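So the chains spell out like this:
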Amino acid sequence: MKKLLLKTVFSTLTIINFTGCDNSSLTNINDHYLDEETLSNNILTDKNTSEKNRSLTTSDPLFQYQWHLSALRVLDIWEKYTGRGIKVAIVDSGIEKNHPDLIDNLNLNLSYRYSDGSSDPTPDANQLAYLPADSGHGTSCAGIIGAVTNNNLGVAGVAPDVELVGFNTFSSGLDADFEDALGNLNVDISNNSWGGESASILYDDPWSLDGIEQGIKKGRNGKGIIYVFASGNEGGNSNYSILHGSKYILNIGAVTYNAQVPFYSNYGDNILIVAPAGDIDPSSGFGIFTTDLMGKKYGFDGQDSYTQLLKDRKDYNGDYTGQMNGTSSATPFVSGIVALMLEANPELTYRDVKYILAKTAKPLNKDLRIYNWEKNGAGIDYSPYYGFGVIYPKKAIEMAETFAGLPEEKIIIKENNKSKDLNINNPEIVAEINIDENISIEHVKLNIDFFYSSNNIETLRLKIISPSGTTSNILFELKYHFQTLEGSLRKWSFASLKFLDEYSKGTWKIVLDNKNIDGKISGKLYSVGLEISGH
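Nothing here was measured: the structure is a model prediction, and the numbers come from that model. Within every chain, residues take consecutive numbers counted from 1 along the sequence as written. This being a predicted model, a pLDDT of at least 70 is required before a residue's local features are given, and a value of 80 or more before pairs of side-chain atoms are given or counted; all residues contribute to the totals for chains, interfaces and linings. Working from all heavy atoms in the structure, the side-chain values ignore hydrogens and water.

Student: Got a minute to help me understand the overall build of the protein in this structure?
Tutor: Looking only at helices and strands, one finds 13 helices and 24 strands in the protein. Partly exposed describes any residue whose relative accessible area lies between the buried limit of under 20% and the exposed limit of over 50%, with all areas from a 1.4 Å probe on protein chains only and scaled to the type maximum. Residue burial in the protein is summarised as follows: out of 535 residues, 61% are buried. Contacts spanning at least 24 positions in sequence make up 77% of the contacts within the protein whose residues lie at least 6 apart. In short, Shrake-Rupley with a 1.4 Å probe defines the accessible areas, and a residue's cover is counted only from the protein chains shown. Carbon together with sulfur atoms contributes 47% to the accessible area of the protein, which is approximately 20,200 Å² in total. Helix and strand definitions follow DSSP, with helices as H or I runs of at least four residues and strands as E runs of at least two, each counted in order from the N terminus. Note on contacts: a residue pair is in contact if any heavy atoms of the two residues lie within 4.5 Å.

In structure tokens form, the structure reads like this:
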């Protein structure tokens, strides 16, 4: 079963209260702000500088609250690119057809509601009856991406002239419908702010992956649809999901206005970058303000749950919200920036887009040990929390404009079939794989076939060590004592982006251990393999 990735204040505060970690290194961090000057100078700016950036404006009355647009100076990009001609699918809970801030950009000829086959992607009656708040999720994603700007209404989107296509897959919830929506070849970008049912179990989604593979091979005349996914809001390891480790997707984490990765944002070595998302406190004014289901009965600002800053306004009508937070809001921000990139250079492939975002992202807070920043063998900074860093819209557009394209993809597949036992007398297994071919790495997939006598695998540790000496931790000690992990590693796979631009040739090591193993538990490693993609 799939779920929308909705961050709740309660769950985030619960995580914070149970961390038991020393947050003294974060002292006064709330006096700093994420903005263009922070990214350009690698120095966290103070409140006064941030307020100057927030003074940029449009005729949209709620733009004053859209810090994610003003602080990162997305308006400057609109002088050249606004997403015109780019089609973005929102695979979600639907888009309200008649919303005045979306209707001019919504393509009803391509949109689809799976519950009844309608071209109207608005949430259906069952969605509104059983999930009155959550049903606004897709409409809110759509507003972040492509709400019309300078129309004297509500908010502005990142790419205000983009074409929005609503695929209301949650009206049916069927795996086959997600596969169909993801494999639809009529769009350029696919926004996916949803994930698996739980972060405490290993998650596979072959139906969605089949749809994505269709879009990669045939979409955009062979250049590939750009698939943007939210990493999730459980504060867990994103690598538990095979879907989120696919080389075909952009796995996006969250960063708040103070340049911190929030506690809820899933992390791991398959995170590409982080993008603006809401604060844990909706009353702070630093949530993500966007479109909502119309009226006060439905959506995030319905059912007596509202954004105080909006309710205090004389024009409050429930059509907008400031509570669309979590990685669900970070993802459409990236989709909007990608739309601007594709307008700047329509020839970009899905690999090009992913590479550009990685190379132009800005590493921040490298001095804070909690984020585990490390340089890989190619000298590139990487953090399991930030990925390659915070999205840097200006630099991404500049690189996209002149990027000639990555060389043709090369793939190396190598396996080690020597079986080894894991038990109380041998709590660590080291398997080696020798690679003779030498390519520049873009993505590493680890295939493993391991039997374990317990279904609770949270005490297992798994890591990949490259010939350059870079260590990518795949399974590791969970952050919070109440977290668990269940599943089987029989013919499973994980992924790592940490080795970007390293060379593949040499001896790779895969290390699997359980230092807490007892005489009642044992395991057997049957095989490990690497699939290295690059150029």
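Next comes the rest of the write-up.
Student: How should the environment of L164 be read in this particular structure?
Tutor: One can find L164 in strand β6 (residues 163-168). For the pair L164 and G143, spaced 21 residues apart in the sequence, the C-alpha separation amounts to 9.4 Å. Beyond its immediate sequence surroundings of up to four residues, L164 is in contact with V88, I90, L102, N105, L106, N107, S111, A142, I145 and G146.

Student: Can you help me understand unusual backbone geometry in this one?
Tutor: In this structure, N152 takes a positive phi of about 65° despite not being glycine. Residue position: N152 is located in the loop between α7 (137-146) and β6. With a relative accessible area of 57%, N152 lands in the exposed category. Even without a glycine there, the phi angle at A259 is positive, about 70°. Within the secondary structure layout, A259 lies in the loop between β10 (249-255) and β11 (273-276).

Student: Would you explain the packing of aromatic side chains in this entry?
Tutor: To describe a pair of aromatic rings, you give the distance between the ring centres and the angle between the ring planes. Two rings from Phe, Tyr or Trp (for Trp, the six-membered ring) form a pair when their centres are within 6.5 Å of each other. A pair whose planes differ by under 30 degrees is stacked, one over 60 is edge-to-face, and the rest are tilted. In total, this model carries 18 aromatic pairs according to the counting rule given. Ring geometry for Y355 and F403: centres 6.3 Å apart, planes at 35°, overall tilted. Highlighted residues: Y355 in helix α12 (residues 350-360) and F403 in the loop between α13 (393-402) and β16 (410-416), separated in sequence by 48 residues. Relative accessible area serves as the criterion here: at 13%, Y355 is assigned to the buried category. A relative accessible area of 18% means that F403 is categorised as buried. By the ring-pair criterion, three or more aromatic residues cluster together here, those being Y267, Y371, W373, Y385, Y386 and F476.

Student: Looking at this model, I keep getting lost on the pattern of salt bridges. Mind explaining?
Tutor: Close approach of charged atoms allows side chains with opposite charge to pair. By salt bridge we mean one thing: a side-chain nitrogen of Lys or Arg within 4 Å of a carboxyl oxygen of Asp or Glu. Counted according to the given criterion, the structure contains 17 salt bridges. Notably, a salt bridge pairs D120 with K97, separated by 3.9 Å at the nearest N-O pair. With D120 in the loop between β5 (112-113) and α6 (125-130) and K97 in the loop between β4 (87-92) and β5, this residue pair connects regions lying 23 residues apart in the sequence. For K97, a relative accessible area of 27% puts it in the partly exposed group. Among the salt bridges present, the one from K359 reaches D501, with a minimum N-O distance of 2.9 Å. Of this pair, K359 sits in helix α12 while D501 sits in the loop between β22 (489-496) and β23 (506-513), placing them 142 residues apart in sequence.

Student: Is there a simple way to explain the nonpolar core in this structure?
Tutor: Across soluble globular proteins, you tend to see nonpolar side chains buried next to one another. In terms of nonpolar packing, the biggest core is built from 151 residues, with L250, F333, V334, V338, M341, L357 and Y386 touching the most fellow members. Beyond its immediate stretch of four places on either side in the chain, F333 contacts H68, L69, L72, V74, I144, V158, A275, P276, I391 and P393. By convention a nonpolar core is built from buried Ala, Val, Leu, Ile, Met, Phe, Trp, Tyr and Cys residues, the set being connected through side-chain atoms within 4.5 Å.

Student: Just to check I follow, could you spell out α7 for this structure?
Tutor: Residue pairs three or four apart in sequence face the same way in an α-helix, which turns once every 3.6 residues. By the criterion of burial, α7 is predominantly enclosed, with ten of the ten residues buried. Buried within α7 we find H137, G138, T139, S140, C141, A142, G143, I144, I145 and G146.

Student: Would you mind going over the confidence of the model for the protein with me for this structure?
Tutor: For residues with low pLDDT, the predicted coordinates do not support detailed interpretation. What pLDDT expresses is the predictor's confidence in each residue, scored from 0 to 100. A residue-level look at the protein finds 88% of positions with pLDDT of 70 or above and a mean pLDDT of 89. Every residue in residues 6-31 scores below 50 in pLDDT, and together they form 42 contacts with partners more than four places removed in sequence or on other chains.

Student: I'm lost on the sheet that holds β5 in this one. Help?
Tutor: Two pairing modes exist for strands in a sheet, parallel and antiparallel, and in both the strands are linked by backbone hydrogen bonds. Read across the sheet, seven strands follow the order β5-β6-β4-β7-β9-β10-β11 without closing on themselves; strand pairing throughout is parallel. Since the sheet does not close on itself, it has two edges, and those belong to β5 and β11, each with one partner. Pairing between strands requires that DSSP locate at least two bridges from one strand to the other. Of the strand pairs in this sheet, strand β9 (residues 226-230) and β10 are connected by four bridges, and their pairing is parallel. Residue pairing for β10: V228 is matched across the bridge by L250. An axis is simply a line fitted to the C-alpha atoms; with a helix, the fit covers only the stretch in contact. Between two such axes, the angle follows the N-to-C directions and lies from 0 to 180 degrees. α7 contacts β4, β6 and β7 (189-192) of the sheet and is inclined by roughly 155° relative to β4.

Student: What am I meant to see in the packing of helix α8 (residues 175-182) against helix α9 (residues 206-218) here?
Tutor: A packed helix pair is summarised by two numbers, namely the angle formed by the two axes and the spacing between the axes. Look at α8 against α9: their axes get within 7 Å of each other, and the N-to-C directions meet at 15°. In this view, α8 runs roughly parallel relative to α9, as classed from their interaxial angle. Once α8 is placed against α9, the crossing between them reads as right-handed. When α8 is examined against α9, the residues D175, F178, E179 and L182 are found in contact with a partner set consisting of W207, S208, D210, G211 and I212. Counted by class, the contact of α8 with α9 contains four nonpolar, two polar and three charged residues. Every angle not falling under 35 degrees, over 145, or within 65 to 115 is termed oblique; those three ranges are roughly parallel, roughly antiparallel and roughly perpendicular. Left-handed describes a crossing whose near helix is turned anticlockwise from the far helix by less than a right angle; the clockwise case is right-handed. Note on residue classes: Ala, Val, Leu, Ile, Met, Phe, Trp, Tyr, Cys and Pro are nonpolar, Asp, Glu, Lys and Arg are charged, and everything else, Gly too, is polar.

Student: Looking at this structure, how should I read the sheet that holds strand β21 (residues 471-475)?
Tutor: The four strands lie next to each other as β18-β23-β20-β21, forming an open sheet whose pairing is antiparallel. With partners counted over all chains shown, the strands left at the sheet margins are β18 (428-435) and β21, one partner each. Strand-to-strand twist in this sheet, taken as the mean axis angle between neighbours without regard to direction, amounts to 20°. Where β18 meets β23, eight bridges bridge the pair, whose relative direction is antiparallel.

Student: Would you take a moment to explain the side chain of Q323 for this structure?
Tutor: Among the structural elements, Q323 can be located in the loop between β13 (320-321) and α11 (327-344). Polar contact is defined as a pair of N or O atoms within 3.5 Å, subject to the rule that within protein one atom must be able to donate a hydrogen and the other to accept it, and that residues adjacent in sequence are counted only when both atoms are side-chain atoms. Side-chain polar atoms of Q323 contact the side chain of D301, separated by 3.5 Å.

Student: Where do I start with the environment of I424 in this structure?
Tutor: Along the chain, the position of I424 falls in the loop between β17 (420-422) and β18. Under the relative-accessibility criterion, I424 is labelled partly exposed at 49%. Once the C-alpha coordinates of I424 and N516 are considered, the two residues, 92 residues apart in sequence, prove to be 8.5 Å apart. Excluding residues that lie within four positions of it along the chain, I424 makes contacts with I517, D518 and G519.

Student: Would you take a moment to explain the packing of α11 against α12 for this structure?
Tutor: Running from N to C, α11 and α12 cross one another at 115°; their axes reach a closest spacing of 11 Å. Between α11 and α12, the angle falls in the class roughly perpendicular. As for how α11 packs across α12, the hand of that crossing is right-handed. Of the residues in α12, those in contact with V334, V338, M341 and L342 of α11 are V353, I356 and L357. For the contact of α11 with α12, a count of residues per class yields seven nonpolar, no polar and no charged.

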